[in-house]
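Remarks on the overall topology
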Amino acid sequence: MSVDPTLNGSSTNGSSTNGSSTNGLSTEGSGTEGSGTASKSAAAIDRAKAQGRAALICYIPAGYPDVQTTIDAGIALARNGADLIEIGIPYSDPVMDGAVIQAATTEAIANGFRVSSIFDIVAGITAATDAAVLVMTYWNPVLRLGVDEFSRRLAAAGGAGLITPDLIPEEASQWLEASQKYGLDRVFLVAPSSTPERLARTVEASRGFVYAVSIMGVTGTRTAVSSTAESLVVNTRAAGAARVCVGLGVSNAEQVREIAGYADGVIVGTALVAALRDGGVPALAELTTDLSSGLRPAGTEAH
Amino acid sequence: MATTPAASPQDHPADAFLSGATSPAGGTSTNPSAGSVTGAGSFRHAAGPYFGSYGGRWMPESLIAALDELEETFEKAKVDPEFLAQIADLNKNYSGRPSLLTEAKRFSAHAGGARIFLKREDLNHTGSHKINNVLGQALLAKRMGKTRVIAETGAGQHGVASATAAALLGLECVVYMGAEDCRRQALNVARMQLLGATVVPVTNGSQTLKDAINEALRDWVANVDSTHYLLGTAAGAHPFPAMVRFFHEVIGEEARGQILEQTGRLPDAVCACIGGGSNAIGIFHGFLDDASVRLYGFEAGGDGVETGRHAATITLGRPGVLHGARSYLMQDEDGQTVESHSISAGLDYPGVGPEHAYLADIGRVSYEPITDAEAMEAFQLLCRTEGIIPAIESAHALAGAIKVGQRLTADQADPAETIIVVNLSGRGDKDVETAAAWFDLIDAETAAEAVAEAVIRAADTAADAASNSAPNAAEANQWNGK
């Protein structure tokens, strides 16, 4: 399969009022999900929506196998259909990750990955593409650098915000403050086990979009997407979320199509990491193109 | 047990208390007596989720509902006379409580002549304090309608205790254990299997206790409907630190009563070893509001804290979040967890319970490192002076007691006026090979390998058989990185 560098990305016919070239003008009212026109994640999702489709959100770990490859891979993701890019910080104790991502992040750390290079990676990708670039990180590396300092540098690098798999709003006061100050998106997770009260609280604290985990489990490919995902999206919207994206276990275009039928975005991780592992950036680009083919509702494929 | 809710720790007039000006006690003690104090607040029965700025819930959202359910079940159970009666009955008629308080008269000569009393948790069923917590949590699991418990284990003590409680109460049990630890503690692997538990060797990360906890958390996220995570130490996300402490408070309550009965007064010091810190918080709790009692926690100093190869988390760590709680943590400049080192698998953990972090910061408990060599010297000393083989974990507390005893008696006319209680948290049967190798008694490498190979062969055979039929085995393999 050929990789078309113009399929999506820098040449995006952005009809959105606020392209990501406009760096965060800070935000509106505190803690309102998707409220600010300055949310880069929301803008990217809305651009996809304007094209009549869901957004594709692609995860790769930083420094796997090295920093330059991550930048190249991020650019390839954007140019082959990714609307948002999620760069994961390798961490010693990744409790939400399955075997494939664990192996990749362990290798990245063994190869000498340093947290400060995440800002170079984000800057490298945002300089070359219009994709919104989020950082996915367990919380301790952020705490260690300092929440404000981390946020300042992420914003300076052009990053959109953070996805925080082990941070709940109750523990996030420092992050709420810093993200507000620097105009960054706060992507918290909701799960099938989340109560209506928790959904409301999490939606209230989120900015950009809400990450709905499709199943009770860790990252990794699954043969089928659980039916709980759709009801979780419905419930999260009912709790006030403007944008809900679904991740965990999504690995092929068919699953992307299924989720794109009811969610604002589809998040793919493990399958992309496996492609990068087995075939490098070309294989990653090819899979991204394939995944993006599932974004339009059945029967409306672009020709 | 006291049921009066205590003031939150943030409200404690700690400084005033520590300066001796006033007491923090809050009248929640059921055993007021000499040395006990009364006042506005108490250090006892801290309910969490925060201990000062430590504790909390740094956990995936997927697990918050389960933590809420556990908290609610625990809060109801701990004031339910029926539940408390069940615990009391199991403690007495199954575990063998109360455990003895034994005066170590010959050992005391090595601690400056101070009188040393050993709280004999080694005499409990399964050989350590761990049974107190697992029985309580397994009962809670039943109350929540869970049919399966999972646990992590380092040395194997908590795994054996968990397998025991699961067998007793008819629960399925899966224990995650670092592959390195499986090799070091092959006999405990066999013990767990004999008790009907499935032991899953963890091959990622450093292959030790912290990685076993990671795997257990991954299992829990995927199976939370049917499964309770029986965490083995007073760490982790709320309500674990306060709950695990609650089940171990019996150690301190008994010890306080026993020392008063045997000596007529409170001790000058209480010593315990600290890994995650469950045995220590259990015994300290009985004395937290007794301003005259100095409390000492002894961390694993490994090869020496100056070498970098240690597990002295409070001594050298910095605050961070790991496994659900904010506490002291051994971490590098990037916030990556640093691997810990200790001759004792049970203390080989780079974190520590959040209540200990708080007690360290306010100065109520002093934390000091004990090297492998110091611990092994104390280990041998107790064997030869008292006829008791301690767990190597507990030997850290003994080595600390020697130092404390020498310090406290230094300028005393009669050293026997000084009284020290040491929590002998476990027995050393599991450590015979390690100790024999340390003292060059046998070629333990060879002996340990022979045992390990036999156990691993048996486990492989069982796993092969299981993987042909059971989906669980395939899942277990997946956890292990394919």
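Residues numbered from 1 in each chain as written. Chains lettered and ligands numbered in written order. Predicted model: local features only at pLDDT ≥ 70, side-chain atom pairs only at ≥ 80, totals over all residues. Heavy atoms only, no water.

Scanning chain A from N- to C-terminus turns up 11 helices and nine strands. Within chain A, the proportion of its 303 residues that are buried is 62%. In chain A, 74% of the contacts between residues at least 6 apart in sequence involve partners at least 24 apart. Carbon and sulfur atoms make up 51% of the accessible area of chain A, which amounts to about 10300 Å² in all. (Helix = DSSP H or I, 4+ residues; strand = E, 2+ residues; numbered from the N terminus. Buried < 20%, exposed > 50% of the residue type's maximum accessible area, 1.4 Å probe, protein only. Contact = heavy atoms within 4.5 Å. Areas by Shrake-Rupley, 256 points an atom, 1.4 Å probe, with all protein chains shown as cover.)

All names here are of chain B. The four strands are arranged β1-β2-β13-β12 in an open sheet whose pairing can be described as antiparallel. Of all strands in the sheet, those with a lone pairing partner are β1 (50–51) and β12 (318–322), marking the two edges. Pairing between β1 and strand β2 (residues 54–58): two bridges, direction antiparallel. Bridged to F51 within β2 is Y54. (Pairing = 2+ DSSP bridges.)

In this section: the confidence of the model for chain A. Scored by pLDDT, chain A has a mean of 88; 85% of the residues are at 70 or more. The model gives residues 1–37 of chain A a pLDDT under 50, and that stretch makes 79 contacts with residues more than four places away or in other chains. (pLDDT = per-residue confidence, 0-100.)

Residue and element names in this part refer to chain B. By secondary structure assignment, the location of T315 is in helix α11 (residues 313–316). C-alpha of T315 to C-alpha of M243: the two residues are 72 residues apart in sequence and 25 Å apart in space. In this structure the side chain of T315 is engaged in a polar contact, spanning 2.8 Å, whose partner is the side chain of E299. (Polar contact = N/O pair within 3.5 Å; in protein donor to acceptor, adjacent residues only side chain to side chain.)

Residue and element names in this part refer to chain B. Enumeration over the complete set of coordinates arrives at seven cavities of 30 Å³ or more. Considering only enclosed or pocket space, the largest cavity measures out at about 340 Å³ in volume. Elements represented by at least two residues in the lining of the largest cavity include exactly β5 (148–153), α5 (157–169), α8 (209–223), β9 (269–274) and α10 (278–285). Grouping the amino acids of the lining of the largest cavity by side-chain chemistry returns eight nonpolar, 17 polar and four charged. Quantified by volume, the second largest cavity comes out at close to 240 Å³. (1 Å grid on protein atoms, 1.4 Å probe; cavity = no way out; pocket = protein on both sides within 12 Å on 5 of 7 lines; lining within 4 Å. Points joined across faces, edges and corners; volume = space filled by probe spheres on them. Nonpolar A, V, L, I, M, F, W, Y, C, P; charged D, E, K, R; others polar.)

As a further point, take the side chain of D264 of chain A. All names here are of chain A. Position of D264 among the secondary structure elements: in the loop between α10 (253–260) and β9 (265–268). With a relative accessible area of 8%, D264 lands in the buried category. Only 3.2 Å separates the side chain of D264 from the side chain of K49, close enough to count as a polar contact. Setting aside chain neighbours within four positions, we find D264 in contact with I45, K49, A54, A55, R237, A242, R243, V244 and C245.

Before going further, it helps to examine the interface of chain B and chain A. Across the boundary between the two partners, chain B contributes 37 residues, which contact 37 residues of chain A. Here chain B and chain A share an interface that buries about 3100 Å² over both sides, 49% of which is from carbon and sulfur atoms. For chain B, the biggest contributors to the area lost against chain A are W58, E61 and D334 of chain B; these three give 23% of the whole. Between chain B and chain A we count four salt bridges in total. Close ionic contact of R198 of chain A with E61 of chain B constitutes a salt bridge, the shortest N to O distance being 2.9 Å. (Buried area = accessible area lost by both parts, 1.4 Å probe. Salt bridge = Lys/Arg side-chain N within 4 Å of Asp/Glu carboxyl O.)

Looking now at unusual backbone geometry. All names here are of chain B. Residue P49 follows G48 across a cis peptide bond; omega there is 0°. Counting through the fold element by element, P49 comes out in the loop between α1 (14–18) and β1. H238 connects to P239 through a cis peptide bond whose omega is 15°. One non-glycine residue, H45, lies in positive phi territory at about 60°.

Moving on to the pattern of salt bridges. Counted under the stated rule, the structure contains 39 salt bridges over all chains. Measuring nitrogen to oxygen at the nearest pair gives 2.8 Å for the salt bridge that ties D278 of chain A to R277 of chain A. Residue D278 of chain A is classed as exposed on the basis of its relative accessible area, which comes to 58%. Here R277 of chain A falls in the partly exposed class, since its relative accessible area comes to 40%. Of the charged contacts, one joins E215 of chain B and R218 of chain B as a salt bridge, the two residues approaching to 2.6 Å between their closest N and O atoms. Of this pair, E215 of chain B and R218 of chain B both sit in helix α8, three residues apart, which is roughly one turn of the helix. Members of the salt-bridge network, linked through shared partners, are E170, R198 and R201 of chain A together with E61 of chain B.

So, on to the UniProt feature "active site" (unreviewed entry) in chain A. In this structure's numbering, the residues bearing the UniProt feature "active site" (unreviewed entry) are E86 and D97 of chain A. Of the residues annotated just before, the second largest cavity has E86 and D97 of chain A among its lining. Secondary-structure assignment places E86 of chain A in strand β2 (residues 84–88). For E86 of chain A, a relative accessible area of 3% translates into the label buried. When neighbours within four sequence positions are excluded, E86 of chain A is seen to be in contact with I57, C58, Y59, I60, L134, M136, I163, Y211 and I267 of chain A. Here D97 of chain A shows up in the loop between β2 and α3 (99–110). Discounting chain neighbours no more than four positions away, the residues touching D97 of chain A are Q102, Y138, V218 and T219 of chain A together with R218 of chain B. Looking at D97 of chain A, its side chain comes within polar contact range of the side chain of Y138 of chain A, at 2.9 Å. (UniProt positions renumbered as here; feature names shortened; annotations may be inferred.)

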